[in-house]
Amino acid sequence: MARSKQQRKAAKHKAKAKAKAKAKAKAKAKAKATSPRQAAGEGRIVRSRVSRVRPRPGDGEPAEDVAVFDAARLKSLSPEIAQQVTAVRDALEAVAAGRDERARQCLQSIPRRSLLSDWRLFITGLIDWYHDAPEKAEQSWRRLDAQRRPARIAANLRQSQQLHRSGGDAKAAAPDVRMIWRLRFERPALAEAYRETADAGPIPESISEDDWIGPAQVDWLRVFATEQRRFEPHLVQSLCENALIRIYHLPFSDGFEHITKRLPGPVHDPQNLWLKFLFYAPTPDHENQAEPAALKYLQSLDQNDQLSANVRDAVKCQVYLALANHRRASLNPLARILHNEGPEDRSEVNRYYQAACKAYPASSEPHREYVGWLQEYADPERFRKADRQWYESRLATAMEAWSKGVPEEITPRLWLVDHYFDKEMNELAVPHVKWLAASRHPNPKVRAIEWKWNLLESMRLARRKTRVAQAQEHFDNAKSLWPEWVCQEWVPYLQAALSRRAGDLPSFEAQRKEAREQLGGTSREDLADAVMALGAMQMMRLPAAELKAFRGPVDQAAKSVSTLPTEQLLACGRFFRDLHRTNSLYPAYRMHGAKFANELKKRITNTRNLFSRYRKQDCWAAVEWLVHKKTFYTNYQFRLPPVIMSKASQAQVIFWHFQTLLNTSTNPRLVDLEQRVQILKQAASEESDPYLRHAYAETAERALHELRPEPLFGEFAEMFFNAFADDDDDDDDDVF
């Protein structure tokens, strides 16, 4: 009877599994049949022969060539030549260790006309030869003096390469060529590594085979690393790093300590101190071990001559950032929930952030993180003045350091312009205004900087009644430069406020009436009229006694916010949205803005026919305002009401989502980030609104860098995996 299709498939799967198990058992049996000493026998024979090789000076061989392999001869050379010979010896040692850049640095001290110039050419070609580029190596070697030792060594290397490429009989080759061929191309050490890593021993059920490393493998690797580091530096380092990565994944702190003390780490962390920090930092029970390890790592960097000064500074910057974030994350849970850092905690966090900015000032990342932390706790809508003061007092200094370290960065400059004008320190703001105006940056906020400067200057001058005429001049300039993406209806309100500040009541009354008519003559605009009037009077520095008449209607509306018509709340949306866009919030907004926003969110959530019942332009502007206020972000989640989700485009939802997450302290990592970013970039290319066009593109780029899922070690820590990656080491990568 014929078997069903399902039965045939099951039988085929069973046979395949059986064959696989048989092959695995065979490989395991083969590995067990050979002890570590026997398996290493062939490789050790080659190493033994190499260790017995002693260079012998030839008849009439130059003394400087002999001194390269015999340090005792250095005394017989002049100080200048002895120094150059030492540079050659150091360069050869660096090449043998796989430190090509270090070798090139050593060779820089040897003049082209020196007696040691042949060695300089030889080592330059040797580096290329190690990288499987014999043709490039030949360009250096063909210029060697055939009568000297560098040329003879190059000839043997050349012949071993030809032997490898031709697949000829190695036994027929000269002994020196055959030994080079075995070490470089046959690589018995690699074969030994494959044999010894075939069997990891019994693996606990809860641990993946890809993560496990057995004790026998570690013991073998310690001996192998000691014996082979001279001959196979890349292979040894690859094996050690692989072992360290595996033990990092395992939940055994004792095993981690045991192995990290015995196996060398990558070039930037040979003592595995940084790895130790990464291992213990997420574990509350071992918090006291993480920070000391990172601090020791920082000290070790100063003695690490394998890294350039720039790389050392960049690494220090990242370590200090990690320490700052670790200190913030290690606060007790209640403090994290309440966003309440104690004096000692915030001082330590501040010190680490400042150290990160100082270590590598040309990077925006430390400045951005430091400023973001300060701004988080300086938010006037979330914290009292007494709680904010410590953070606010450090913001200007942090922004100035950012601007000096990264002059092309516009974010600190825009903030400093607002800050200095608010503090009446306009002489400090002017250089930033001039730089931004001359930069021709595509950001609409930068292009509107002269408008913003004139507007702020008019408000600053309006503080004194005697300077209102000058304030009027700047306001007239601001009117002529008014951006198209900013609410035009506010202009007559500001003009009326300026007339009121000047004491010209007839002009004020006429302009106030004109402003109301331009805004709209229905009751729908009543609330918008009240808040725009209050905002204009405050910004133009009307005395407190005169402000009472304008505060009254707004305060009353805030008290009875639940009784306000929805259309009135919606009508305020565009004005409030543009205040957020231009960072021009008037002081009283903090008192009532959140009340109006929260009430409007309730109305939108409970109104199914929102867009058909009210003006669409008011609805969309109001939604953008609520996004700026982070009204839709609760319990660490961004959620839009169904009525908005049903009408908004995909790009709008993505933009609002990104914008909210980027402006919070807990930036989650989005898995499907790239797809969303592409949608937003496409929408940016099709958007007609100049502000949104740039905002879409800028937000997409920020999200790509700040919301990308981090690898297990983090972006900086990932260098642990790649520290010794090399183009010619493809066969060494997956030994374990």
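As a reminder, the structure under discussion sits directly above these lines.
(A) Focus on the overall build of the chain. Of regular secondary structure, the chain possesses 41 helices and 2 strands. Buried residues in the chain amount to 49% of all 736 residues. Pairs at least 24 apart in sequence give 63% of the contacts found in the chain among residues at least 6 apart. Total accessible area computed for the chain in this model is approximately 38,700 Å², and 49% of it derives from carbon and sulfur atoms.

(B) Spotlight on the side chain of aspartate 618. The topology assignment puts aspartate 618 in helix H35 (residues 616-628). Side chain to side chain, aspartate 618 and arginine 615 meet in a polar contact 2.9 Å long. Those residues in contact with aspartate 618 that lie beyond four places of it in its chain are Arg524, Leu570 and Ala571.

(C) Region of interest: the side chain of serine 117. Tracing the backbone shows serine 117 in helix H7 (residues 117-130). In terms of polar contacts, serine 117 uses its side chain to reach the backbone carbonyl oxygen of serine 114, at 2.9 Å. Ignoring any residue separated from it by four or fewer positions in sequence, one finds serine 117 in contact with Ile110, Pro111 and Arg112.

(D) Structural detail: helix H32 (residues 573-582). For H32, a buried count of 9 out of 10 residues is recorded, marking the element as mostly surrounded by other parts of the structure. Among the residues making up H32, those that are buried are Gly573, Phe575, Phe576, Arg577, Asp578, Leu579, His580, Arg581 and Thr582.

(E) Layout of helix H25 (residues 449-461). Taking 1.5 Å per residue as the helical rise, H25 with its 13 residues ought to reach 18 Å, and the 18 Å between its terminal C-alpha atoms agrees with that figure. In terms of burial, H25 is largely enclosed, as 11 of its 13 residues are buried. Looking at H25, one finds that the buried residues are Ile449, Trp451, Lys452, Asn454, Leu455, Leu456, Glu457, Ser458, Met459, Arg460 and Leu461.

(F) Highlighting the state of the cysteines. One pass over the structure, following the stated rule, counts 0 disulfides. With no disulfide of its own, cysteine 357 lies 7.1 Å from the sulfur of cysteine 317, the closest cysteine sulfur.

(G) Structural view of the environment of arginine 99. Mapping arginine 99 onto the fold places it in the loop between helix H5 (79-96) and helix H6 (100-107). Judged by relative accessible area, arginine 99 falls into the partly exposed class, the value being 24%. Expressed as a C-alpha distance, the spacing of arginine 99 and isoleucine 127, which sit 28 residues apart in the sequence, is 9.6 Å. Those residues in contact with arginine 99 that lie beyond four places of it in its chain are Ala94, Asp305 and Gln306.

(H) Region of the structure containing the nonpolar core. Of all hydrophobic cores here, the largest spans 169 residues; its most connected members are Val531, Phe576, Tyr586 and Phe596. Per-element tally for this core: the top contributor is helix H29 (residues 526-539), with 10 residues. In contact with phenylalanine 596, other than residues within four places in its own chain, are Leu527, Val531, Val554, Ala557, Ala558, Val561, Leu564, Leu569, Phe576 and Trp625.

(I) Looking closely at the packing of aromatic side chains. Counted according to the given criterion, the structure contains 33 aromatic pairs. Taking 5.4 Å as the distance between ring centres and 70° as the angle between the ring planes, the aromatic pair formed by tryptophan 129 and tyrosine 130 counts as edge-to-face. The class of tryptophan 129 is buried, set by a relative accessible area of 2%. Between arginine 394 and the ring centre of tryptophan 390, over which it is positioned, the NZ or CZ distance is 3.8 Å. Looking at arginine 500, its charged tip hangs above the ring of phenylalanine 508, at a distance of 4.9 Å from the centre.

(J) Examining the environment of threonine 566 more closely. With respect to the element layout, threonine 566 can be found in helix H31 (residues 566-571). For the pair threonine 566 and tyrosine 614, spaced 48 residues apart in sequence, the C-alpha separation works out to 8.8 Å. Ignoring sequence-local partners within four residues, the contact set of threonine 566 consists of Arg603 and Tyr614.

(K) Broad picture of the pattern of salt bridges. This model, assessed by the stated rule, comprises 32 salt bridges. A salt bridge links glutamate 525 to arginine 524, with the shortest nitrogen-to-oxygen separation between them at 3.0 Å. We classify glutamate 525 as buried; its relative accessible area is 4%. Take arginine 524: its relative accessible area is 21%, and that puts it in the partly exposed class. What you see here is one network of salt bridges that share partners, running through Arg512, Arg516, Asp526 and Asp529.

(L) Geometry of unusual backbone geometry. Phi angles above zero are rare outside glycine, and asparagine 272 is one such case at about 60°. Taking relative accessible area as the criterion, asparagine 272 reaches 2% and is therefore assigned buried. Positioned with a positive phi, arginine 440 is a non-glycine residue whose angle comes to about 55°. Here arginine 440 lies in the loop between helix H23 (426-439) and helix H24 (444-447). The exposure class of arginine 440 is exposed, given its relative accessible area of 67%.

Conventions and cut-offs
Residues numbered from 1 in each chain as written. Predicted model: local features only at pLDDT ≥ 70, side-chain atom pairs only at ≥ 80, totals over all residues. Heavy atoms only, no water. Helix = DSSP H or I, 4+ residues; strand = E, 2+ residues; numbered from the N terminus. Buried < 20%, exposed > 50% of the residue type's maximum accessible area, 1.4 Å probe, protein only. Contact = heavy atoms within 4.5 Å. Areas by Shrake-Rupley, 256 points an atom, 1.4 Å probe, with all protein chains shown as cover. Polar contact = N/O pair within 3.5 Å; in protein donor to acceptor, adjacent residues only side chain to side chain. Expected span 1.5 Å × (residues − 1). Disulfide = S-S within 2.5 Å. Core = buried A, V, L, I, M, F, W, Y, C linked by side-chain atoms within 4.5 Å. Phe/Tyr/Trp six-rings, centres within 6.5 Å; stacked < 30°, edge-to-face > 60°. Lys NZ or Arg CZ within 6 Å of the ring centre and 35° of its normal. Salt bridge = Lys/Arg side-chain N within 4 Å of Asp/Glu carboxyl O.

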